[in-house]
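# Summary of structural features
Here are the chains, one letter per residue:
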Amino acid sequence: MGRDNTNGKIIIDKAYPGYVFLGWAKGNMETDDHEKRPYFNMYVLSPVSTWTSEDYTAFGFKAEKKKCLGEVWAGLEPGDPVTLFFDDRGRVQMAVLDGPGKAIEQAE
């Protein structure tokens, strides 16, 4: 489940508390010194915070762009539930499959 995208549809399990891999982007950006530096980004869904206050409330999921140290998404498919490991600067240094079928199920 989640790795068989034959029909192109996925259903996210609202009870899943972790990240769901959506895709990635990589390339080279030009610095102010006109040097090219590589960048790696991963896109994930995650549940919004359940924290509420008089001025704030949220529901559902949020889409996030995560900076990565390299191609940590190797072997992942859109819809896969993943566990992300971060360095001290908040960049993803490793992403692993979090048990097939935990986060999504294929639409019929």
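Nothing here was measured: the structure is a model prediction, and the numbers come from that model.

### Regarding the overall build of the chain
Looking only at helices and strands, the chain has zero helices and seven strands in total. Counted from the first residue to the last, the chain has its helices and strands arranged as β-β-β-β-β-β-β. When burial is assessed residue by residue, the chain has 31% of its 108 residues classed as buried. Taking as baseline every contact in the chain between residues at least 6 positions apart, the subset at least 24 positions apart corresponds to 53%. For the chain, the accessible area works out to roughly 7400 Å², and carbon and sulfur atoms hold 50% of it.

### As for the packing of aromatic side chains
Per the stated rule, a full pass over the model turns up four aromatic pairs. An aromatic cluster is defined as three or more aromatic residues linked by ring pairs; in this entry it consists of Trp24, Phe40 and Trp73.

### Things to note about the pairing of strand S5 (residues 81-86)
Pairing of strand S2 (residues 19-30) with S5, which is carried by two bridges, proceeds in the antiparallel orientation. Bridged to valine 20 within S5 is proline 81. Direction of pairing for S5 relative to strand S6 (residues 92-97): antiparallel, over a ladder of five bridges. Among the inter-strand pairings, phenylalanine 86 is bridged to a residue of S6, identified as valine 92. Between the end of S5 and the start of S6, which pair antiparallel, lie five residues, with glycine 90 showing a positive phi angle near 80°.

Each value, and the rule that gives it
Residues numbered from 1 in each chain as written. Predicted model: local features only at pLDDT ≥ 70, side-chain atom pairs only at ≥ 80, totals over all residues. Heavy atoms only, no water. Helix = DSSP H or I, 4+ residues; strand = E, 2+ residues; numbered from the N terminus. Buried < 20%, exposed > 50% of the residue type's maximum accessible area, 1.4 Å probe, protein only. Contact = heavy atoms within 4.5 Å. Areas by Shrake-Rupley, 256 points an atom, 1.4 Å probe, with all protein chains shown as cover. Phe/Tyr/Trp six-rings, centres within 6.5 Å; stacked < 30°, edge-to-face > 60°. Pairing = 2+ DSSP bridges.

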